[in-house]
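Results of the structural survey
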Amino acid sequence: MPRALITGITGQDGLYLGELLLSKGYEVFGLIRGQNNPKRALVEATLPGVKILTGDLTDLSSLIRALEAAKPDEFYNLGAISFVAYSWENASLTTEVTAKGVLNALEAVRLYSGDEPAKVRFYQASSSEMFGKVQQVPQDEDTLLWPRSPYGVAKVFGHYMTINYRESYGMHASSGVLFNHESPRRGPEFVTRKVSQAVARISLGLQENIVLGNLDARRDWGFAGDYVEAMWLMLQQEEADDYVISTGETHSIKELLEKAFAVVGITDWEKYVVQNPEFMRPAEVDLLIGSSAKAESKLGWKPRVGFEELVTMMVENDVVEQKALAGL
Ligand code: NDP
Ligand code: GDR
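Let me begin by describing the structure that accompanies this report. (Residues numbered from 1 in each chain as written. Chains lettered and ligands numbered in written order. Predicted model: local features only at pLDDT ≥ 70, side-chain atom pairs only at ≥ 80, totals over all residues. Heavy atoms only, no water.)

1. A word on the packing of aromatic side chains
In this description, a pair of aromatic rings is defined by centroid distance and the angle of the planes. What counts here: Side-chain rings of Phe, Tyr and Trp, where Trp is taken by its six-membered ring, are said to pair if the distance between their centres is within 6.5 Å; with planes under 30 degrees apart they count as stacked, over 60 as edge-to-face, and otherwise as tilted. A run of H or I in DSSP becomes a helix once it reaches four residues, and a run of E becomes a strand once it reaches two; helices and strands are each numbered from the N terminus. Summary of the burial criterion: residues with accessible area below 20% of their type's maximum are buried, those above 50% are exposed, and those between are partly exposed, where the area comes from a 1.4 Å probe applied to protein chains only.
Overall, the coordinates contain 9 aromatic pairs when judged by the stated rule. Ring geometry for Phe83 and Phe190: centres 5.4 Å apart, planes at 75 degrees, overall edge-to-face. Of the two residues, Phe83 sits in the loop between strand S4 (74-77) and helix H4 (84-89) while Phe190 sits in the loop between strand S7 (181-182) and helix H7 (191-203), which places them 107 residues apart along the sequence. Of the residues examined, Phe190 reaches a relative accessible area of 13% and is grouped as buried.

2. Thoughts on the pattern of salt bridges
A side chain of one charge can pair with a side chain of the opposite charge if their charged atoms are brought near each other. Stated precisely, the cut-off is as follows: A side-chain nitrogen of Lys or Arg and a carboxyl oxygen of Asp or Glu constitute a salt bridge if their distance falls within 4 Å.
Evaluation of the coordinates by the stated rule reveals 17 salt bridges. A salt bridge links Asp226 to Arg304; its shortest N-O distance comes to 4.0 Å. In this pair, Asp226 is assigned in helix H8 (residues 224-235) and Arg304 in the loop between helix H10 (293-299) and helix H11 (307-326), connecting sequence segments 78 residues apart. Of the residues examined, Asp226 reaches a relative accessible area of 5% and is grouped as buried. Owing to a relative accessible area of 60%, Arg304 belongs among the exposed residues under this scheme. Glu229 serves as the salt-bridge partner of Arg304, at 3.1 Å between the closest nitrogen and oxygen. In this pair, Arg304 sits in the loop between H10 and H11 while Glu229 sits in helix H8, placing the two residues 75 residues apart along the sequence. Residue classification places Glu229 among the partly exposed residues on the basis of a relative accessible area of 23%. It is possible to trace a salt-bridge network through shared partners that takes in Arg3, Glu27 and Lys51.

3. Considerations on the site of ligand 2
Let me state the cut-off plainly: Proximity is defined per residue: any heavy atom of the residue falling within 4 Å of a molecule or strand makes that residue near it. Whenever a nitrogen or oxygen atom comes within 3.5 Å of another N or O atom, the pair is scored as a polar contact, on the condition that within protein one atom can donate a hydrogen and the other can accept it, and that pairs from neighbouring residues in sequence are kept only if both atoms are in side chains. Here the Shrake-Rupley method, with its probe set to 1.4 Å, supplies the accessible areas, and only the displayed protein chains count as covering residues.
In the vicinity of ligand 2, 21 residues are found, and the nearest of them are Ser82, Ser127, Tyr151, Arg281 and Glu284. Take Ser127: an N or O atom from its side chain is 2.5 Å from an oxygen atom of ligand 2. In this structure, a nitrogen atom belonging to ligand 2 sits 2.9 Å away from a main-chain N or O atom of Glu189. In isolation ligand 2 has 700 Å² of accessible area, and contact with the protein removes 96% of it.

These figures come from the coordinates and say nothing about function on their own.
Right under this line is the structure:
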C-alpha cells in the first residue's frame, strides 16, 4: 500500500487530494497545525481513514517527526498562507510559512531520506501568481516570473528551492505551477466563493448586494478536483519536473458575476454589485492564462470541468447550503 503525507490537509486541495489518494488505496497522513485546529473535525468527517499528525511548516523538527511517523513514499506540500490580499498585511508571516516553510519541508525530507535522496517523492504547490505582471501570454514553464505580491514572491522562493533541491541533491522534487482552481470547498475569502455565496444569498432574499474590488482582472479558473489529479500524476513520473496546470481559458470577474447570477435567473446583476477600494490590491495581477501543453503531452492530463460548469456547481451548492443555514 503506497503511503502519502499531505501538509495543508484542512484546505481545499488537501481535502480533494486526500479523497483521491484514499480512492487509489493509499495510506494517507495529514499534517494539521495548532493545538485545537477548528478544521480537524472537517478532515475527520470528509476523509475517514486519514491519519492525522500534528506539526507546522515553520517547525522543522515537527516535520521530521511527521515523516518518521508516516514513512511516506510521497510528500505533498500544500500548506501555505494562500490568500494574496492577506499577504501584504502579513508579509513577514507569509514569508515564514509560504517561503521558508517550503525550505523546511525540503530539508526535512532530505534529512529523513539519508543516503537515498529520491526515497520520498516531493510535490510543491507553486502558483500562477508567480507570473504576476505577465511577460508572455499564455504563460508556460519557461515564462519569466514577475511576482506582484508578498505571496507571489514567497511562492517564487519555494519554486526555485524545490528545483534547487532536485538539482543539488538528486531529490525527486516536482513543482506544479497551478492556476486558480475552485470548488464548493473554496474558502469564502476568494472571489469565486465570495460571489457564489453572495449570489445564493441574494437569490434567497438573505443579502442585498455584494461588495468587491477590481472587476476587470482576468483569471484562468479550473476545478480543484481535476487539479489534484495532476499533482498525483507528477509524482508517478520516473523523472521529477515542473508543470503548468491550467485550462487555457481566461475570464474577468465581471464574466464570473454574469454567469453566477444567471444560475439563479438574475440578468440585471450590475445593480447588486458595489465596488469598494477596501478590496483593491496595492499591485494587481491583471491577466492570467496558462498553457498546459507539457502536462497534456507528458502526463496525459487535461481539465474536465469547464468554467460554466464550475460556476454552476458552486452557486447550486451554495443555494442548498445557505437555505439550510437560514432554515428555509
Ligand atoms: P487553502 O488556503 O485552502 O489551504 C491552505 C492550507 O495550509 C490549510 O490547510 C492551512 O491550515 C495550511 N497551513 C497554513 N499555515 C500553515 C502552517 N504554518 N503549517 C502547516 N500548514 C499550514 O489553500 P488551497 O487548498 O487552495 O491551496 C493549496 C496550496 O496550493 C497552497 O499552497 C496554495 O498557496 C497553493 N495554490 C493554490 C491555488 C488555488 O487556486 N487554490 C493555485 C496555486 C497554488 P489551517 O487550516 O490550519 O489554516
Ligand atoms: P488570487 O485569488 O489572488 O488569484 O489567488 P482571489 O480569488 O483572491 O482573487 C482573484 C481576483 O479577484 C479580484 N477581486 C477580489 N478578490 C477577492 N478575494 N475578494 C474581492 O472582493 C475581490 N474583488 C475583486 C482580485 O483583485 C484578483 O484579481 C488565488 C489563491 O488561491 C492563491 O493561493 C493562488 O496561488 C492563486 O489563486 C493562483
